[in-house]
Amino acid sequence: MNKPLGIVGAAWGVLGLCALLLWAIYRLSFYAIEAWAEPWAWWHWVFFAGWMVFMIYSEGYKGFQKGFSPRVVARAVHLSHHPVAWHVLLAPLYCMGYIHATKKRRIVALSVTAGVVMLVLLVSLLPQPWHGIVDMGVVAGLGYGVIAILAFALKVFVGRPLDWPTDVPGDEHRSEPQAG
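Rules of the game
Residues numbered from 1 in each chain as written. Predicted model: local features only at pLDDT ≥ 70, side-chain atom pairs only at ≥ 80, totals over all residues. Heavy atoms only, no water. Helix = DSSP H or I, 4+ residues; strand = E, 2+ residues; numbered from the N terminus. Buried < 20%, exposed > 50% of the residue type's maximum accessible area, 1.4 Å probe, protein only. Contact = heavy atoms within 4.5 Å. Areas by Shrake-Rupley, 256 points an atom, 1.4 Å probe, with all protein chains shown as cover. Lys, Arg positive; Asp, Glu negative; His and termini not counted. Charge placed at Lys NZ, Arg CZ, Asp CG, Glu CD. Axes fitted to C-alpha atoms, helices over the stretch in contact; angles between N-to-C directions. Parallel < 35°, antiparallel > 145°, perpendicular 65-115°, else oblique. Nonpolar A, V, L, I, M, F, W, Y, C, P; charged D, E, K, R; others polar. Core = buried A, V, L, I, M, F, W, Y, C linked by side-chain atoms within 4.5 Å. Phe/Tyr/Trp six-rings, centres within 6.5 Å; stacked < 30°, edge-to-face > 60°. Salt bridge = Lys/Arg side-chain N within 4 Å of Asp/Glu carboxyl O. Expected span 1.5 Å × (residues − 1). Bend = angle between axes of the 7 residues up to and from the residue.

*Asks:* Honestly, the overall build of the protein in this entry has me stumped. Any pointers?
*Replies:* Looking only at helices and strands, one finds six helices and zero strands in the protein. Projecting the C-alpha coordinates of the protein onto the three principal axes gives extents of approximately 60 × 35 × 30 Å. Residues counted as buried form 41% of the 180 residues belonging to the protein. Summarising the internal contacts of the protein: among those between residues at least 6 apart in sequence, 77% fall at separations of at least 24. Summed over all atoms, the accessible surface of the protein reaches about 10,400 Å², with 73% contributed by carbon and sulfur. Each charge class in the protein was averaged separately, 13 positive and 9 negative side chains, and the resulting centres sit 9 Å apart.

Below, the structure is given as structure tokens:
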């Protein structure tokens, strides 16, 4: 086992993915800021409040904290114990489940990506302030996601176990996360 290569791979996977999410937050922030330059009617404020709650709960809590983030870190831990040079090189993609993953995980990863691309294209057609309001919710959800990934990584770093499926071929000892 090449321990330094595994550690580099795990760190690159987690930090590279966080950098990608932070880049998306940065890019979307410009549209969110533009929305504040427009006058808002009461219905904009109502939608904004509901959308923020929805995105923080659905994307942040349910999507990231309860699914994506622990899986990313579990896959990073797996990579640290089983480094393969090209997996380490592509560690962010490895941690996201695009490579060296079960067929189901790859399908889910590609489907989510296709859905996100479709939504980005549709939201780009919205006028301000709607475009910016939608992006504010996405920024909030992505920000929650980055924090969740780093929190799970810190948990593992300090020695606390992370009992989550890796969805790595041949490592399908369980398909659902364990409570606790």
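Next, the rest of the story.
*Asks:* Explain the packing of helix 1 (residues 3-35) against helix 2 (residues 42-81) here, please?
*Replies:* What describes two packed helices is the angle between their axes and the distance between those same axes. Orientation of helix 1 relative to helix 2, taken along the N-to-C sense of each, is 150°, at an axis distance of 6 Å. The angle between helix 1 and helix 2 falls in the class roughly antiparallel. Of the residues in helix 2, those in contact with G6, I7, G9, A10, V14, L17 and L21 of helix 1 are F64, F68, V72, A76, L79 and S80. Of the residues belonging to the contact of helix 1 with helix 2, the class tally is 10 nonpolar, three polar and no charged.

*Asks:* Help me understand the nonpolar core in this model?
*Replies:* Within soluble globular proteins, side chains that are nonpolar generally end up buried alongside one another. Counting residues in hydrophobic clusters, the biggest one holds 27 residues, and the most contacted among them are L17, L21, Y94, L142, I149 and L162. Elements represented by at least two residues in this core include exactly helix 1, helix 2, helix 4 (91-96) and helix 6 (130-157). Top element by residues in this core is helix 1. It accounts for seven residues. Among all residues touching I149, those that are not within four sequence positions of it are V14, L17, C18, L21, F68, S69, V72 and V73. Membership of the second largest hydrophobic core comes to eight residues, among which are A35, F48, M52 and A140.

*Asks:* How should I be thinking about the packing of aromatic side chains in this particular structure?
*Replies:* In this description, an aromatic ring pair is defined by two values, namely the gap between the centres and the angle between the planes. Per the stated rule, a full pass over the model turns up 14 aromatic pairs. Taking 5.5 Å as the distance between ring centres and 65° as the angle between the ring planes, the aromatic pair formed by W40 and F48 counts as edge-to-face. In this pair, the class of W40 matches that of F48, namely buried. Put simply, the rings of W36, W40, W45 and F48 pair up and form one aromatic cluster.

*Asks:* What exactly am I supposed to notice about the pattern of salt bridges here?
*Replies:* Side-chain pairing between opposite charges can occur once the charged atoms of the two side chains come close. Considering all chains together, one arrives at two salt bridges under this definition. Taking the shortest distance from any N to any O, the salt bridge between D167 and R71 comes out at 2.8 Å. Pair noted here: D167 is in the segment after helix 6 and R71 is in helix 2, with a separation of 96 residues, a long-range link. In terms of burial, D167 and R71 fall into one category: buried. Put simply, D167 and R105 hold a salt bridge, and the shortest N to O gap is 2.7 Å. With D167 in the segment after helix 6 and R105 in helix 5 (residues 103-123), the pair connects residues that are 62 residues apart, well separated along the chain.

*Asks:* Would you mind going over helix 2 with me for this structure?
*Replies:* Because each turn of an α-helix spans 3.6 residues, side chains separated by three or four positions end up pointing in the same direction. The terminal C-alpha atoms of helix 2, which comprises 40 residues, lie 54 Å apart, in line with the 58 Å expected from a rise of 1.5 Å per residue. The sharpest bend along helix 2 reaches about 60° and sits at F64.

*Asks:* Just to check I follow, could you spell out the side chain of S69 for this structure?
*Replies:* Locating S69 in the fold gives a position in helix 2. S69 sits in the buried class, given a relative accessible area of 0%. Not counting chain neighbours up to four residues away, the residues in contact with S69 comprise F64, G145, A148, I149 and F152.

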